[in-house]
Every structure is written in structure tokens, then in C-alpha cells.
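The chain contents come next:
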Amino acid sequence: MTQDPKGGLRGPTVVPEGGVVVIEVMNGATSVEVSQAGDSKTTSYPVGPDGRARVPVIWSGGTVLCISTGQWPNFRVMLVEVIATIR
Amino acid sequence: MKIDPVWVVQPRADRRAFLLAGGAFVLGGFGGYGLRVLHEPGAAAPPKNEKTGDPELDELRRLAVEAPIEELSAQWSSFVTLRDRKYQQDGVLVEGLRRLVNQCVVSTSTADRRLRAKMLARSVRLGAAMRDGNLAARLPQLEEIAR
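Computed from a predicted model, the values in this text were never measured in an experiment.

**Student:** Describe the packing of helix H4 (residues 76-86) of chain B against helix H6 (residues 113-124) of chain B, listing the residues and the values that go with them.
**Tutor:** Helices that pack against each other are described as a pair by the angle of their axes relative to one another and the distance between those axes. Residues and elements named next belong to chain B. Two elements in contact, H4 and H6, have axes whose closest approach is 11 Å; the angle formed by their N-to-C orientations is 20 degrees. One way to sum up the angle between H4 and H6 is to call them roughly parallel. Viewed along their axes, H4 and H6 form a crossing whose handedness is left-handed. Here Trp76, Ser77, Val80, Thr81, Arg83 and Asp84 of H4 lie close against H6, whose contacting residues are Leu115, Arg116, Met119, Leu120 and Ser123. Here the residues of the contact of H4 with H6 are counted per class, giving 5 nonpolar, 3 polar and 3 charged.

Spelled out as C-alpha cells, the structure:
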């Protein structure tokens, strides 16, 4: 598990493709924005009543996901690497 | 049998000629270097950091060109994520990318070096950074570190 040094997001640093990333949101945000490194497109996922956002991993192995909340200066981001699964 | 010395250059005029030729060589060297630097892609002075009216972009620009590398490095993931998402075409932010890439390539003790290299390699292929020849030349090194 990893934590943003300033607090805000907590979750795994790696996740298998096809899995689900569960992010613990500790800064009161109601949604998380997800993009892949080197891409401007973002997708929003809601934070549930348990304070967690669940992001299905639809990206292939090798992708780096940028999961964030808030706007500058309260912008927080954590990076999650997608690893390929052996089939 | 008498052997006469053979002068390649005449002794007296030669000193001046030698100095002139030497001076011309040095000036030519500096001039050529200057022209090369001026025309080298990406070697131009970084764009001026002017206020944009967007506080987020202004702060990212400050990190890119004014903040010490330690400060930029401490916020590298936010910097690169926001640049990729919203400010790909901003030329000032490319300077920050260049500083992060240099640090990642040169310093083996950089925190999260492999992940950084992976993310930076993707960011370099995006927007204004793609037009920077020096950054593009760093891609093979970043990819090697990212493996």
C-alpha cells in the first residue's frame, strides 16, 4: 500500500489488468479522476459512502494510472501501475 | 656537401601570419559554435515565465523554471499528471519536463526512478515536448531505465 505524502489518497501501487483498484479517499472528495500516463483523457469515478472509490482496470499491462482528487493547490495524485496477467 | 635549411614559412612574416591564422581559427571556432547552439533544436533559452491568469498553470510554470530541482522533484507526479491532462502545449512546462528527465537519467538515486522514467517517457511524446529534439533524444535512456 502507498500513501500520498500529504494525505488524501491511499491504495495499491500495482494492480493486475482486469482487476479493480480500491482507493481510500481521505480528503472528503466525492469523486476521483483517472487517466493514463501520457494521455489527457480522464474518467471520473464516484467515492462511495465507505470513503472508497472502485476503479475497474480496463487498461492493459504496462499502463501507469494517475488517480487524483481536487484542484490545485489541493490536487492530490497517486500512481498505480497495471501489470499483465498470465493467461 | 652543404645542407641548407628549408623554411616552410619565412621566419619574420611568419609570426604575424601565424598569429593571424591562429586568431582566425579561434574566432571561426567560437562563431561556428555560437551558430550551432543558436540553431540546435531545443537549445534556445527557455520561454519566459509570464503570468497567464490561470493560478494552476502559473504555479506549474513556477515549478518548471524557477523552483529548485528538489521542489520540482518532490511534486513530479502532480506536475507531470497535470501537464499531460491540461497543458500539453505549454512551452514553459516543457522546461520542467526537461529538468525532471535530466535528473532521472543522471541521478541513479532518484526516488521511484523506474516509475518516473516510464511516466516521463510517455509525457515526452505528448504535445509541445514532442517538438523538443533534446528531450526526444533522451527517450531511449528513459525506456532503458523504465524496463
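**Student:** Give me the sheet that holds strand E3 (residues 14-16) of chain A: which residues, what numbers.
**Tutor:** With mixed pairing, the 5 strands of this open sheet are ordered in space as E3-E9-E8-E5-E6 (chain A). One side of each edge strand has no neighbouring strand; the edge strands of this open sheet are E3 and strand E6 (43-46) of chain A. Strand after strand, the sheet turns through a mean of 30 degrees between neighbouring axes, direction not considered. Relative to strand E9 (residues 76-83) of chain A, E3 of chain A runs parallel, the two sharing 3 bridges. Across the sheet, residue Val14 of chain A finds its bridge partner in E9 of chain A, namely Glu81 of chain A. Against the sheet, H4 of chain B touches strand E5 (31-36), strand E8 (64-69) and E9 of chain A, its axis set at about 80 degrees to E9 of chain A.

**Student:** Please give an account of the environment of Arg98 of chain B that cites residues and values.
**Tutor:** Assignment of secondary structure puts Arg98 of chain B in helix H5 (residues 91-106). Sequence separation between Arg98 of chain B and Ala64 of chain B is 34 residues, and the spatial gap between their C-alpha atoms is 8.9 Å.

**Student:** So, the interface of chain A and chain B: which residues are in play, and what are the values?
**Tutor:** Tallying the contact residues gives 20 residues for chain A and 21 residues for chain B. Across the chain A/chain B interface, buried area totals approximately 1700 Å², and carbon plus sulfur atoms make up 59% of it. Summed over the shared surface of chain A and chain B, the number is 2 salt bridges. Here Glu81 of chain A and Lys118 of chain B are joined by a salt bridge, their closest N and O atoms 2.7 Å apart. Counting every contact that joins chain A to chain B gives 11 residue pairs in polar contact (both at pLDDT 80 or more). Secondary structure elements with two or more residues in the side of chain A that touches chain B: E5, E8 and E9 of chain A. Residues belonging to the side of chain A that touches chain B are distributed by class as follows: 8 nonpolar, 8 polar and 4 charged.

**Student:** Hey, could you go over the packing of H5 of chain B against H6 of chain B for me, with residue numbers and the actual values?
**Tutor:** All names here are of chain B. Axis separation between H5 and H6 bottoms out at 10 Å; the angle between their running directions is 145 degrees. For the pair H5 and H6, the sense of crossing is left-handed. Residues Leu97, Leu100, Val101, Gln103, Cys104 and Val105 of H5 pack against Arg113, Arg116, Ala117, Leu120, Ser123 and Val124 of H6. Split into classes, the residues belonging to the contact of H5 with H6 amount to 8 nonpolar, 2 polar and 2 charged.

Reading the values: the criteria
- Residues numbered from 1 in each chain as written.
- Chains lettered and ligands numbered in written order.
- Predicted model: local features only at pLDDT ≥ 70, side-chain atom pairs only at ≥ 80, totals over all residues.
- Heavy atoms only, no water.
- Axes fitted to C-alpha atoms, helices over the stretch in contact; angles between N-to-C directions.
- Helix = DSSP H or I, 4+ residues; strand = E, 2+ residues; numbered from the N terminus.
- Parallel < 35°, antiparallel > 145°, perpendicular 65-115°, else oblique.
- Left-handed = near helix turned anticlockwise from the far one by under 90°.
- Contact = heavy atoms within 4.5 Å.
- Nonpolar A, V, L, I, M, F, W, Y, C, P; charged D, E, K, R; others polar.
- Pairing = 2+ DSSP bridges.
- Buried area = accessible area lost by both parts, 1.4 Å probe.
- Salt bridge = Lys/Arg side-chain N within 4 Å of Asp/Glu carboxyl O.
- Polar contact = N/O pair within 3.5 Å; in protein donor to acceptor, adjacent residues only side chain to side chain.

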